[in-house]
Amino acid sequence: MWGQNSSFIRFCNLYFRDQLQPDEQLQQQQQQSTSDTSTNDIWNYVVFVIFVVVSALIPIRKRLCRRSSNSKSKQDYVFGAGHISTLAMMLSIARGTLGVISVLGYPSEFFYRGSAMWESLYGVITAYPIVCFVFIPVYFDLGITSVYQYLELRFNSRLVRCLASGTYIIRTLLSLGVTIYTPTVALNTIIGVPYWVSLVSITVITIFFNALGGLKAAVAADVIQSLSMTAMLVGIIIYCSITVGGVDKILTISSDNDRFAFFNFATDLHLRVTTTSAWLGELFNSLSLLGCQQNFVQRYLSMPTFGQIRRTLMLNIPVVILLFSLPWFVGMAIYAIYWHCDPLKASVIAKMDEILPYFMVDRFDSVPGVWGIFVGTLFNGALTLNISNINSLATVTWEDFLSLVPALRKKSDTHQLNVIKLVGTVYAVVIMGVGFIVGLLSGVIESSMLIISATSGPLLGVFVLAMFIPFANWKGAALGMLASHLSILWIVVGRLIESNVSEPLLDTSIEGCYADLMEAQKNATLLVAVALEEGVNAVETSTLLNRIYSITYLYYGVFGTVLTVLAGVVVSLATWSSHDVYNMKMLHPAVRWLYSRCPFSGKHFGSFEVAGKGYGAGMKEAVPRC
């Protein structure tokens, strides 16, 4: 790989300059570069280690100073005991929009496919007020620890709760496996660190952090990561602006080369991304993520008042817009640097996602410590996201599964906290195993992302049934989720196995590259032409099933939600009985108001009175089924 030989990197850098140089001067520069690189590498290693260690220790510094290892209660570990500032919570919630995958993926997406996917921001923005005014009012007064506990109370069924919890756990494990693998690519490519060393390091630090931290430490880690990653991206944009001659020049280069693709309302479901699919797809995925996923709801419920929750979420919208857009601006800036000489087309890099790491080495290899901070930020980003989600995974596992064991439920609060931490440790090891699998098998990253996105619909759909469909029962909810999971999984597997989904890249240039690189590109172009010809032949023989499989994955969340709700409604109407009654407090307040005034209000789907505060009110007669 180009990152494993610094001399080769410096040699390649000469190819990306506009002026050709004599052979003797080139050799002198190579020799000088070799001597300078060893010193720079030492500085980069030192900066990398210091950055990771300091970022990891700051959030738990107070915990390290405590003498008593049992001074943290389970409530404090899970909810932070209500001592987390609004600003810190805002950055922690917004942290999901600036993950490691987005930092590496969005710049390459803009460089090679344009700005169309940027419009998924519309869906994220739309989701925030819906979550704030639709989902949170239902959760807030119920006194729940796990958001999936709400499903059990609403449907009076442990089965529905376990299906939702299992969906969340599987999705999060796969997502985190991909997340912790992502920085190992940069570490291996730039520094040459073996994949297994990075994976083991992230896991060991995660276990240590999880044992001493909790939600409060996870939020602090999110804040540090958000600020450091934002500073890094802003620094890249400033450098590129100065290099190319201003922000207006960056915009002009991208516009002249057809990188801006906004407001495409085409109705073809097979187009990879349009304005409609980006907006709707991200809206449903964000509703599932922000409104139905434990790690986010856990943060909302840690705040003392609904007013603070509302203020935090609504003020977070401009923060999310900024954090979501920064990687796209970085992609625009990098494109302004390499628009005349594409490193991928010139065979200097092997994958699209290497464009940002290559840029950092190409432009800052001679500056001590710069790409050490860059790699440290990516590493720490995966680390903090891993820690934050493991806290929620362990909480869900305890509340929804392990607390059912009588021997564990009767234990003291301290003992329960130790069990939760042990579960978090087990999950850290499992996630490391997923990371190893991602590194060993070809195409697993895309497969995992498709499967993860496919789980958004069933999870969102079952919450829609619970909050807005008064006659929905546990049989409809369970069968609706299963039907949706199986249908979407069938489409995903078919897409991966049988369909030749074409995702063409935009044109790039190598006119500014050196002649030898252009000759190498000529050979690569022949191979690409053969592959494209085979793809065309495959499309000509496409069948109805292939048309289904080639539907853009952005709609999976929409289809999954609709399938869950429709199947749930049909089954519930066919199977409703007096045993399915529930406390009407589980419905959304607006639905309760409408239901009391509709013609069907005489049929008491929910016969318990809405009284009292907390999820236990009026629920003594209800016995969970299945």
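Residues numbered from 1 in each chain as written. Predicted model: local features only at pLDDT ≥ 70, side-chain atom pairs only at ≥ 80, totals over all residues. Heavy atoms only, no water.

Novice: Before we go on, may I ask you to explain the overall build of the chain in this structure?
Specialist: On a plain count of helices and strands, the chain comes out with 26 helices and zero strands. Per-residue burial for the chain yields a buried fraction of 54% across its 626 residues. On the chain, roughly 26400 Å² of surface is accessible, and the fraction owed to carbon and sulfur atoms is 66%. (Helix = DSSP H or I, 4+ residues; strand = E, 2+ residues; numbered from the N terminus. Buried < 20%, exposed > 50% of the residue type's maximum accessible area, 1.4 Å probe, protein only. Areas by Shrake-Rupley, 256 points an atom, 1.4 Å probe, with all protein chains shown as cover.)

Novice: Can you walk me through helix 6 (residues 100-113) in this structure?
Specialist: In an α-helix there are 3.6 residues to a turn, and that puts residues three or four apart on one side. End to end, helix 6 covers 19 Å across 14 residues, agreeing with the expected 20 Å (1.5 Å per residue, within 8%). In terms of burial, helix 6 is a largely internal element, 12 of the 14 residues being buried. Residues of helix 6 that are buried: Val 100, Ser 102, Val 103, Leu 104, Gly 105, Pro 107, Ser 108, Glu 109, Phe 110, Phe 111, Tyr 112 and Arg 113. Within two residues after helix 6, Gly 114 carries a phi angle of roughly 90°, on the positive side. (Expected span 1.5 Å × (residues − 1).)

Novice: What should I look at first to understand the nonpolar core in this one?
Specialist: The nonpolar side chains of soluble globular proteins are, as a tendency, buried together. Ranked by size, the top nonpolar core spans 135 residues in total, and within it Tyr 139, Tyr 150, Leu 151, Phe 155, Tyr 300, Phe 359 and Phe 463 carry the most contacts. Counting residues per element, this core draws most heavily on helix 15 (residues 306-338), at 16 residues. Beyond its immediate sequence surroundings of up to four residues, Leu 151 is in contact with Asn 156, Val 160, Arg 161, Ala 164, Val 462, Phe 463 and Ala 466. (Core = buried A, V, L, I, M, F, W, Y, C linked by side-chain atoms within 4.5 Å. Contact = heavy atoms within 4.5 Å.)

Novice: What exactly am I supposed to notice about the confidence of the model for the chain here?
Specialist: Interpretation of this model should avoid reading the predicted coordinates in detail wherever pLDDT is low. On average, the chain scores 77 in pLDDT, and the residues at 70 or more come to 74%. Confidence drops under a pLDDT of 50 for residues 1-21, and excluding neighbours within four residues, the segment shows 54 contacts in the predicted structure. Note that pLDDT drops below 50 for residues 607-626; the model gives that stretch 51 contacts with residues more than four away or on any other chain. (pLDDT = per-residue confidence, 0-100.)

Novice: Please explain the packing of helix 21 (residues 456-468) against helix 22 (residues 474-497) as it appears in this structure.
Specialist: Two numbers describe a pair of packed helices, the interaxial angle and the distance between the axes. Running from N to C, helix 21 and helix 22 point in directions that differ by 160°, and their axes come no closer than 9 Å. The angle between helix 21 and helix 22 places the two elements in the roughly antiparallel class. In terms of crossing hand, the pair formed by helix 21 and helix 22 is right-handed. Here Pro 458, Val 462 and Leu 465 of helix 21 come into contact with helix 22, specifically with Gly 476, Ala 477, Met 481, Ser 484 and His 485. In terms of residue class, the contact of helix 21 with helix 22 is made up of five nonpolar, three polar and no charged. (Axes fitted to C-alpha atoms, helices over the stretch in contact; angles between N-to-C directions. Parallel < 35°, antiparallel > 145°, perpendicular 65-115°, else oblique. Left-handed = near helix turned anticlockwise from the far one by under 90°. Nonpolar A, V, L, I, M, F, W, Y, C, P; charged D, E, K, R; others polar.)

Novice: It is not clear to me how the pattern of salt bridges should be interpreted in this structure. Could you clarify?
Specialist: One side chain can pair with another of opposite charge once the charged atoms of both are near each other. One pass over the structure, following the stated rule, counts seven salt bridges. The closest approach of N and O atoms between Arg 113 and Glu 109, which form a salt bridge, is 3.7 Å. Of this pair, Arg 113 and Glu 109 both sit in helix 6, four residues apart, which is roughly one turn of that helix. For the pair Arg 113 and Glu 109, a shared accessibility class is recorded, and that class is buried. (Salt bridge = Lys/Arg side-chain N within 4 Å of Asp/Glu carboxyl O.)

Novice: Looking at this structure, I do not really get the side chain of Ser 241. What am I missing?
Specialist: Tracing the chain through its elements places Ser 241 in helix 11 (residues 215-244). Taking the relative accessible area as the measure of exposure, Ser 241 reaches 11% and is therefore buried. In terms of polar contacts, Ser 241 uses its side chain to reach the backbone carbonyl oxygen of Ile 237, at 2.8 Å. Once you skip the residues sitting within four places of it in the chain, Ser 241 turns out to touch Gly 246, Val 247 and Ile 250. (Polar contact = N/O pair within 3.5 Å; in protein donor to acceptor, adjacent residues only side chain to side chain.)

Novice: I tried to follow the packing of aromatic side chains on my own but got confused; where do I start?
Specialist: Pairs of aromatic rings are described using the distance from one ring centre to the other and the angle between the two planes. Overall, the coordinates contain 25 aromatic pairs when judged by the stated rule. For the ring pair Tyr 150 and Phe 463, a centre distance of 6.2 Å and an interplane angle of 15° mean the geometry is stacked. Note that Tyr 150 is positioned in helix 8 (residues 149-155) and Phe 463 in helix 21, a separation of 313 residues in sequence. The buried category is assigned to Phe 463, whose relative accessible area is 0%. Seen in terms of ring centroids, Trp 490 and Tyr 549 are 5.8 Å apart; in terms of plane orientation they differ by 75°. Their pairing is edge-to-face. You can see Trp 490 sitting in helix 22 and its partner Tyr 549 sitting in helix 24 (residues 544-549), a full 59 residues away along the chain. The exposure class of Trp 490 is partly exposed, given its relative accessible area of 41%. Taking relative accessible area as the criterion, Tyr 549 reaches 4% and is therefore assigned buried. Ring pairs connect the aromatic residues Tyr 106, Phe 110, Trp 118, Phe 260, Phe 262, Phe 263, Phe 324, Trp 328 and Phe 329, which therefore count as one cluster. Stacked on the ring of Tyr 582, the Lys or Arg Arg 154 has its end atom at 3.8 Å from the ring centre. (Phe/Tyr/Trp six-rings, centres within 6.5 Å; stacked < 30°, edge-to-face > 60°. Lys NZ or Arg CZ within 6 Å of the ring centre and 35° of its normal.)

Novice: Whenever I open this one, helix 21 confuses me. Can you help?
Specialist: Between its first and last C-alpha, helix 21 extends 18 Å over 13 residues, near the 18 Å set by a 1.5 Å rise per residue. Within helix 21, 11 of the 13 residues are buried, which leaves the element mostly enclosed by the surrounding structure. Buried within helix 21 we find Ser 456, Gly 457, Pro 458, Leu 459, Leu 460, Gly 461, Val 462, Phe 463, Leu 465, Ala 466 and Met 467.

Novice: What's the story with the packing of helix 13 (residues 275-292) against helix 25 (residues 556-575) in this structure? I'm lost.
Specialist: At a minimum axis distance of 7 Å, the contact between helix 13 and helix 25 shows a crossing angle of 60°. The angle between the axes of helix 13 and helix 25 places the two elements in the oblique class. Between helix 13 and helix 25, the contacting residues are Leu 280, Gly 281, Phe 284 and Asn 285 on the first element and Gly 557, Val 558 and Thr 561 on the second. Partitioned by chemical class, the residues of the contact of helix 13 with helix 25 number three nonpolar, four polar and no charged.

Novice: Where do I start with unusual backbone geometry in this structure?
Specialist: Despite not being glycine, Asp 258 has its phi angle at roughly 60°, a positive value. Along the chain, Asp 258 falls in the loop between helix 12 (247-256) and helix 13. The phi dihedral of Phe 263 is positive, around 55°, even though this residue is not glycine. Structurally, the position occupied by Phe 263 is in the loop between helix 12 and helix 13. On the basis of relative accessible area, Phe 263 is assigned to the exposed category, the value being 58%.

Novice: Sorry if this is basic, but what is going on with the environment of Ser 146 here?
Specialist: Position of Ser 146 among the secondary structure elements: in the loop between helix 7 (121-140) and helix 8. We classify Ser 146 as buried; its relative accessible area is 0%. Separated by 148 residues in the primary sequence, Ser 146 and Gln 294 have C-alpha atoms spaced 6.5 Å apart.

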